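# Examining the three-dimensional arrangement
Each chain, letter by letter, is given below.
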Amino acid sequence: MTQADQSLARRAADLREQIHYHSYRYHVLDAPIITDGEFDALYQELAKIESQHPDLIAPDSPTQRVGGEPRSDLPKVAHAAPVLSLSNAFGDDDVLAWRTRIGKLLPDDTTLDYVVELKFDGLSVVLTYENGVFVQGATRGNGEIGEDITPNLRTINALPLRIPADPDGPPPPARLVVRGEVFFRLPAFEELNRQRTENGEPTFVNPRNAASGALRQLDPRITAQRPLDLACYQILDGEGSDLPTIQWNVLHYLYGLGFPVMLDYSRHFDDLGPLLAYIHTWEDRRHDLDFEIDGLVIKINDLAIFESLGVVGKDPRGAIAYKFPAEERTTRLLDVGVNVGRTGVLSPYAILEPVEIGGVTVKQATLHNFDDIAAKDIRLGDTVIVKRSGEVIPYVVGPVTDLREGAEQPITPPDSCPFCRSPITRTEGEVAYYCSNPDCPERLVRSIEYWVSRGAMDIDGLGERIVRQLVDEGRIHDVADLYFLSPDDLIDLEGFAEKKIDNLLAAIDASRRRPLERVLAALGIKGVGTTVAALLLDHLPSFDALIHATQEQLEAIPGMGPLTAVNIVDFFADPRSHALIDKLRSGGVSFQAEGKQAASDRLAGQTFVITGTLPTLLRDEASALIESHGGKITGSVSSKTAYVLAGENPGSKLDKANQLGIPVITEQELLDMLH
Ligand code: IVH
């Protein structure tokens, strides 16, 4: 043996040992410590070595037998026919290679057609019916011998206890053995975990484990409390005349007898091209389902051909699973960081030993909140399962407690804000912890990020780094300060050349004229995004009317929730909100509703500056009034100012107006101008 051969032989032996151990944990103990994807990777690596070096295939290799051992504490059942598994394809090339492989085993003139079905990520079950009555149900077990879980299966509503379910349906065969997959729908799974958290019980890491746990209960009353679902896809055995002989008809036949079959998601194809295109449509669509699939299954439609192709190990040659990239991996939780959001909410996140999930290296993942960390008993140093699914930000599913070594440390919320050291507060009945400081610099950074974001004021060129720099250097104290930035404020910022400064100031200027619903959304009132903002403005004549709207008025708007109504009233009751709105107005941000009928154009083209306290109008009411008649508000007096509206205790703006000879008017004079 060469040295290379020796090391390959060692690797194969090592893989065999690992696979044996993990399939024992999975099938027998029901307590896997690696994810399915990781298990698949080990298995594939071994299968590859063996296919290239058949001399390395040991008789006890896991590739040479069917599944794990059945668990010991449930009665055993011998299956009528082997309950097979599937080999995997991880891309189109694997499917084409499969087609070539089987092509070589079939007569030259064979044409094939195929059925594609969802690959349900659940637990395989075998259901036996005699003369139309459900008599026995079993798990797959090792493929030859399973566990009798008849009473548990009877609790599943989707499972027909008698076929045909419709008395006018086709007559039942004398004997029918049907295979299907039992699974949890996601809302039911989440509800189960919520209840378990409430009862102080450990939560399930995924719906499949939860389904397995529910089905293998010794007490079916516990199964009955868990709303499991079923999808059927195969006739394993049967006695009767008209049993279908092509897979497409099997699905329809089972459906006709009253079995749950997902016909809507199954397709028949004559060619692999359109078939693969169909499979690819599921890469994103899978996340719209309310249950989990881990791929799709391609089956040769003609079951005689399917049978004739035989089996390799436990995998029939006539079908193949097209697996999506694994969405879960295990890795180590190195540390927990804390973000502070614009509302002050503290959000913990996991700092992870980097791990590749579905082609992306994940170093950080969400930890939801501190209650969730406690409920799942996630500790520093734990091996954790991380999930990255579709558009969802990667999150920590839970710890693998069996891999604890003893040095893992509990995770507690910080005593003070990690950014400004202010005390942390928590409102009774809420899960979130808050930084108590409204002027926390981190909250400011986040609110500016929110203000400039696409859905809000959409200001290009203000990335997180620049925002941080502006805040750290004290050039911005609130979002309104953006509208008072001069080129001088930006000139010495890192990477800011003249052109970039011009562009940024132009982008800020453009945002002064955003539609009012955007401005309203950008203010960040809880529950008020652009859609709710637009709804509000549809029903209220002006921004001013919104400021003064009562809770009753707001709740009377169709589609308006009472909580959002409270949030809006609270926001406008806060003097800081008014100060901010005033400052934004002075900075030139328009609060004029687009398309709203202007009250008049009597003040068109005239710029006003307001100073001091007016006798009856609030400052933003006066601003709204001026704007509704076509006037503009600015913050400082210049030769372009048409009038200064002055109240009690005016500031230096009055002096400036006098110096420049700008007319100064009172509130009454303004009102007179308008009537
Ligand atoms: S067919 C010969 N069809 O996936 C029949 N299996 O990874 C072989 N599965 O053990 C199975 N959805 O438990 C088939 N539509 C489907 C399936 C499906 C899920 C499971 C099944 C199998 C495993 C293989």
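Here the structure is shown first, and the text comes after it.
Residues numbered from 1 in each chain as written. Predicted model: local features only at pLDDT ≥ 70, side-chain atom pairs only at ≥ 80, totals over all residues. Heavy atoms only, no water.

## Focus: the overall build of the chain
Helix and strand counts for the chain come out as 24 helices and 26 strands. In summary, the chain has a C-alpha radius of gyration of 34 Å against a globular reference of 26 Å for 675 residues, an excess of more than 25%. Seen through its C-alpha atoms, the chain measures out along the principal axes to roughly 105 × 70 × 55 Å. Sorting the 675 residues of the chain into buried and exposed places 47% on the buried side. Within the chain, residue pairs in contact and separated by at least 24 positions form 65% of the contacts whose partners lie at least 6 positions apart. Roughly 32400 Å² of accessible area belongs to the chain as shown, and the carbon and sulfur atoms make up 50% of that amount. Measuring between centres, the 65 positive side-chain charges of the chain sit 2 Å from its 100 negative side-chain charges. (Helix = DSSP H or I, 4+ residues; strand = E, 2+ residues; numbered from the N terminus. Rg over C-alpha atoms; globule rule 2.2 N^0.38 Å. Buried < 20%, exposed > 50% of the residue type's maximum accessible area, 1.4 Å probe, protein only. Contact = heavy atoms within 4.5 Å. Areas by Shrake-Rupley, 256 points an atom, 1.4 Å probe, with all protein chains shown as cover. Lys, Arg positive; Asp, Glu negative; His and termini not counted. Charge placed at Lys NZ, Arg CZ, Asp CG, Glu CD.)

## Considerations on the state of the cysteines
Following the criterion strictly, the structure yields zero disulfides and no others. With no disulfide of its own, Cys-420 has Cys-435 as its nearest cysteine by sulfur position, at a separation of 3.7 Å. (Disulfide = S-S within 2.5 Å.)

## Re the sheet that holds strand E23 (residues 607-611)
Pairing is parallel in the open sheet, where four strands are placed in the order E24-E23-E25-E26. Of all strands in the sheet, those with a lone pairing partner are strand E24 (632-633) and strand E26 (664-665), marking the two edges. One ladder, built from two bridges, connects E23 with E24; its direction is parallel. Within the sheet, the bridge partner assigned to Phe-608 lies in E24 and is Ile-633. (Pairing = 2+ DSSP bridges.)

## A look at the site of the ligand
Taken together, 16 residues sit near the ligand, with Glu-117, Leu-118, Lys-119, Arg-179 and Lys-299 positioned nearest. Within the side chain of Arg-179, an N or O atom sits 2.8 Å from an oxygen atom of the ligand. The biggest single contributor to the shell around the ligand is strand E3 (residues 114-120), with four residues. Grouping the amino acids of the shell around the ligand by side-chain chemistry returns eight nonpolar, three polar and five charged. (Near = heavy atom within 4 Å. Polar contact = N/O pair within 3.5 Å; in protein donor to acceptor, adjacent residues only side chain to side chain. Nonpolar A, V, L, I, M, F, W, Y, C, P; charged D, E, K, R; others polar.)

## Quick notes on the packing of helix H3 (residues 92-105) against helix H9 (residues 272-285)
When two helices pack together, you describe them by how their axes are tilted relative to each other and by the distance separating the axes. Here H3 crosses H9 at 145°, and the two axes come no closer than 11 Å. In this structure, the crossing between H3 and H9 has a hand that is right-handed. Residues Asp-92, Val-95, Leu-96 and Arg-99 of H3 pack against Leu-272, Leu-276 and His-280 of H9. By residue class, the composition of the contact of H3 with H9 is four nonpolar, one polar and two charged. (Axes fitted to C-alpha atoms, helices over the stretch in contact; angles between N-to-C directions. Left-handed = near helix turned anticlockwise from the far one by under 90°.)

## Focus on helix H5 (residues 186-198)
Across its 13 residues, H5 extends 18 Å between first and last C-alpha, which sits within 8% of the 18 Å expected from 1.5 Å per residue. For H5, the complete set of buried residues consists of Ala-188, Phe-189, Leu-192, Asn-193 and Arg-196. Buried residues along H5 cover an arc of 135° about the axis, so they all sit on one side. Residues of H5 that are exposed and point more than 90 degrees away from the buried face comprise Glu-190 and Glu-198. On the buried face of H5, the contacting elements are strand E7 (175-184) and helix H6 (207-215). Two residues or fewer past H5, Gly-200 is found with a positive phi of approximately 70°. (Expected span 1.5 Å × (residues − 1). Arc of directions from axis to C-beta.)

## What to know about the side chain of Arg-514
Assignment of secondary structure puts Arg-514 in the loop between helix H15 (498-511) and helix H16 (516-522). The buried charged residue Arg-514 lacks any salt bridge, with Asp-458 as its nearest oppositely charged partner at 4.8 Å. A distance of 2.7 Å separates a polar side-chain atom of Arg-514 from the backbone oxygen of Met-457. Ignoring any residue separated from it by four or fewer positions in sequence, one finds Arg-514 in contact with Met-457, Asp-458 and Val-519. (Salt bridge = Lys/Arg side-chain N within 4 Å of Asp/Glu carboxyl O.)

## Details of the sheet that holds strand E8 (residues 228-239)
If you walk across this open sheet you meet the four strands as E5-E4-E7-E8, and the pairing is antiparallel. Two strands lie at the open edges of the sheet, namely strand E5 (133-139) and E8, each paired on one side alone. Taking each pair of neighbouring strands and ignoring which way they run, the sheet shows an average axis angle of 25°. Looking at chain direction, strand E4 (residues 123-130) and E7 are connected through eight bridges and run antiparallel. The residue of E7 that forms the bridge with Ser-124 is Glu-181. Against the sheet, H6 makes contact with E4, E7 and E8, and its axis sits at roughly 125° relative to E7, the strand it touches most. Along the sheet, helix H8 (residues 247-257) contacts E7 and E8; its crossing angle with E8, the most-contacted strand, is approximately 115°.

## Comments concerning the packing of helix H21 (residues 575-586) against helix H22 (residues 619-628)
The contact between H21 and H22 brings their axes to 9 Å, and the two run at 35°. Handedness of the crossing formed by H21 with H22: left-handed. Each of His-578, Ile-581, Asp-582 and Arg-585 in H21 lies in contact with H22, whose residues at this interface are Arg-619, Asp-620, Ser-623, Ala-624 and Glu-627. Residue composition of the contact of H21 with H22, grouped by class: two nonpolar, two polar and five charged.

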